[in-house]
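Structure assessment
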Amino acid sequence: MRHAPQQEHDGSPIRRQRRGGRVRSPRVPATVHRAAGTSALPLLVIFLVVCVDLFGSAGKIWLPLLAAGPALAASTSGPAGVLGVGLLASLLGAWIGARHDMAASQLIVVLCALVTVTLAGTLASALRERRERVLAAVRSVAETAQHALLKPVPETVGPFRVAVRYSAAAAEARIGGDLYSLVPTPYGVRMIVGDVRGKGLPAVGTASLVLGVFREAAHDEPDIRDVVARIERSLARNLGGDDFVTAVVAGYPEPGRLEMVNCGHAPPLLIRGTDVMPVDPVRPAPPLGLRALIDEPPCLQVVRFVEGDQLLLYTDGVTEARDAGRAFYPLAEGLARHLCDEPDRTLAALHRDLLDHVGGRLHDDAALLLLRKPLTAGAVDPGGEPAARARDGAPAVRPLTGPPVRTPGGTFGDRADVA
């Protein structure tokens, strides 16, 4: 999967691009543009004042309006552009004043006002450019942190085709409290999708902690429940009493067998053919960090996952996204509408549909991870058996009928067991 083009926060001013075999920064065209000229609006204002004078003989009355030129240029141009517009306005002001035989004292006042506005605009433009450089540097650090935290996932991992979409609610920060990871290990491909309670830097720190422990434990622990236990122990040492992380940890230890532990998270969606089915936890487990609430270990679900099947893991920023009428986004219905054999195309269409639903911008972090077991030549879906079972043999998947159930994902125990 080409991870970078699929991020909601692409278009970064610090992303480097290749042109004609040479690597350069996208900031170069912006710099050239500022040096070459200014926005058309300041020049248009000056042009209108001159036209009024030439064709209406009333330019002297509108002469103070020339100060709007350098004032507007301060918000669109660099310091050199503001000085250029101010110089042009001053020259034209002197010409209009001389043309109408203005008193020297009046003309000097007008020109002093133009010079003052020009100097103030130049200073404002310099400060604005400085803030833009600082923001670009902060974005660069944030992007580097994100790529270290949420490492790019390739298009193919083990036997799966994979796609990811991630959107941070804080668009300028580009990172948030949602997390995902998918890694090949000696025990098969393992993955996690989770949601940290809260937002901002504390949530990012907790997400980093969870991902670090997961990536380490996924390679060391044969049993996926031990991976969850390692994460739980680490969070118990580092989280506050009210903090927690909802997560789904899954693994594919052998062909046709997908193991899953759901810790208070929204149920993944299993796609088989055209059917979309939520994999509800048979015995709900508390979120990570709240294991002290119960004494028993989390339930391990075993899901039949054959060629052609797909699995969507997501965070509550998707299912709790609301439209103008406060209606939640129907994820299962949207997934069924945009389903295809290419995970990347499916998530691209699903993400556009989600943004259309909310009116263009999400108000919570949102992560989507879709994996598909491709069909091999001559492969046939065996069918005829439950798609998922708990370790004790009880069915754990029900077909989706009617409107999808709202799944907040951050609330423990808000869903009933489904037989």
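To keep things clear, this report deals only with the structure shown in the data block. Keep in mind the model is a prediction, meaning the values are calculated, not measured.

Regarding the nonpolar core
Generally speaking, soluble globular proteins have nonpolar side chains that are buried together. Judged by nonpolar contacts, the single largest core of 55 residues is most densely connected at Y180, I192 and I231. At nine residues, the largest contribution of residues to this core is made by helix α6 (residues 200-220). Other than its neighbours up to four places away in sequence, I192 contacts L179, Y180, S181, V210, L211, F214, I231, A247, V248 and V249. Among the nonpolar cores identified, the runner-up in size contains 22 residues, and A266, A321, L331 and L362 belong to it.

Remarks on the packing of helix α9 (residues 331-338) against helix α10 (residues 343-358)
Close contact between α9 and α10 brings their axes to 9 Å; oriented N to C, the two are set at 135°. Between α9 and α10, the angle is such that the two are oblique. Crossing angle aside, the handedness with which α9 passes α10 is right-handed. Residues L331, G334, L335, R337 and H338 of α9 form the contact with α10, whose own contacting residues are T346, A349, L350 and D353.

Things to note about the side chain of E221
As for its position among the elements, E221 is in the loop between α6 and α7 (224-238). Ignoring anything within four residues of it in the chain, the contact list for E221 reads Y187, R190, D226, V227 and R230.

Topic: a nonpolar patch on the surface
Taken together, the side chains of L41, L44, F47 and L48 define a hydrophobic patch exposed on the protein surface, amounting to about 390 Å² of accessible area. Position of F47 among the secondary structure elements: in helix α2 (residues 40-56).

Overview of the packing of aromatic side chains
Taken as a whole, this structure holds four aromatic pairs when the rule is applied. Ring centres of F160 and F305 lie 5.9 Å apart, and the angle between their planes is 65°; this geometry places the pair in the edge-to-face category. On the criterion of sequence distance, the pair formed by F160 in strand β4 (residues 160-167) and F305 in strand β11 (residues 301-305) is long-range, its members being 145 residues apart. For the pair F160 and F305, one class covers both residues: buried. Between Y252 and F305 the ring centres are 6.4 Å apart and the planes differ by 80°, which places this aromatic pair in the edge-to-face class. Of this pair, Y252 sits in strand β7 (residues 245-254) while F305 sits in strand β11, and the two are 53 residues apart along the sequence. Each member of the pair, Y252 together with F305, is buried. Through a chain of ring-to-ring contacts, the aromatic side chains of F160, Y252 and F305 assemble into a single cluster.

Notes on α9
Along α9, the residues classified as buried are L331, A332, G334 and L335. End-on view of α9: buried residues confined to an arc of 165°, all on one side of the axis. Its buried side turned inward, α9 meets β9 (269-272), β10 (275-278), β12 (310-314), α8 (316-319) and α10.

Topic: the side chain of Q310
Note that Q310 resides in strand β12. At 3.2 Å, the side chain of Q310 and the backbone oxygen of C340 are in polar contact. Filtering out sequence-adjacent residues up to four positions away, Q310 remains in contact with L269, L270, I271, F305, L339, C340, P343, L370, L371 and R372.

Points about the pairing of β10
As paired elements, β9 and β10 share four bridges and run antiparallel to each other. Bridging across to β10, L269 finds its partner in P278. Linkage of β9 to β10, two consecutive antiparallel strands, is achieved through a turn of two residues, within which G273 is found at a positive phi near 70°.

Brief notes about the pairing of β12
Within β12, five of the five residues are buried, which leaves the element mostly enclosed by the surrounding structure. The alternating pattern of β12 places Q310, L312 and Y314 and L311 and L313 on opposite faces, both of which are buried. Alignment of β9 against β12, held across three bridges, turns out to be antiparallel. Within β12, the residue paired with L269 across the bridge is L312. Note that β12 and strand β13 (residues 366-372) share five bridges and pair antiparallel. The residue bridging Q310 from the neighbouring strand is R372, located in β13.

So, the sheet that holds β13
Judged by pairing direction, the sheet is antiparallel, and its six strands sit side by side in the order β3-β4-β13-β12-β9-β10 without closing on themselves. The open sheet terminates on both sides in strands that have one partner only, identified here as β3 (156-157) and β10. Against the sheet, α9 contacts β9, β10 and β12, and its axis sits at roughly 30° relative to β9. The sheet contacts of α10 involve β4, β12 and β13, and relative to β4 the element is tilted by about 25°.

What counts and how
Residues numbered from 1 in each chain as written. Predicted model: local features only at pLDDT ≥ 70, side-chain atom pairs only at ≥ 80, totals over all residues. Heavy atoms only, no water. Core = buried A, V, L, I, M, F, W, Y, C linked by side-chain atoms within 4.5 Å. Buried < 20%, exposed > 50% of the residue type's maximum accessible area, 1.4 Å probe, protein only. Helix = DSSP H or I, 4+ residues; strand = E, 2+ residues; numbered from the N terminus. Contact = heavy atoms within 4.5 Å. Axes fitted to C-alpha atoms, helices over the stretch in contact; angles between N-to-C directions. Parallel < 35°, antiparallel > 145°, perpendicular 65-115°, else oblique. Left-handed = near helix turned anticlockwise from the far one by under 90°. Patch = residues over 30% accessible without salt bridge, like charges linked within 9 Å, V, L, I, M, F, W, Y side chains within 5 Å. Areas by Shrake-Rupley, 256 points an atom, 1.4 Å probe, with all protein chains shown as cover. Salt bridge = Lys/Arg side-chain N within 4 Å of Asp/Glu carboxyl O. Phe/Tyr/Trp six-rings, centres within 6.5 Å; stacked < 30°, edge-to-face > 60°. Arc of directions from axis to C-beta. Polar contact = N/O pair within 3.5 Å; in protein donor to acceptor, adjacent residues only side chain to side chain. Pairing = 2+ DSSP bridges.

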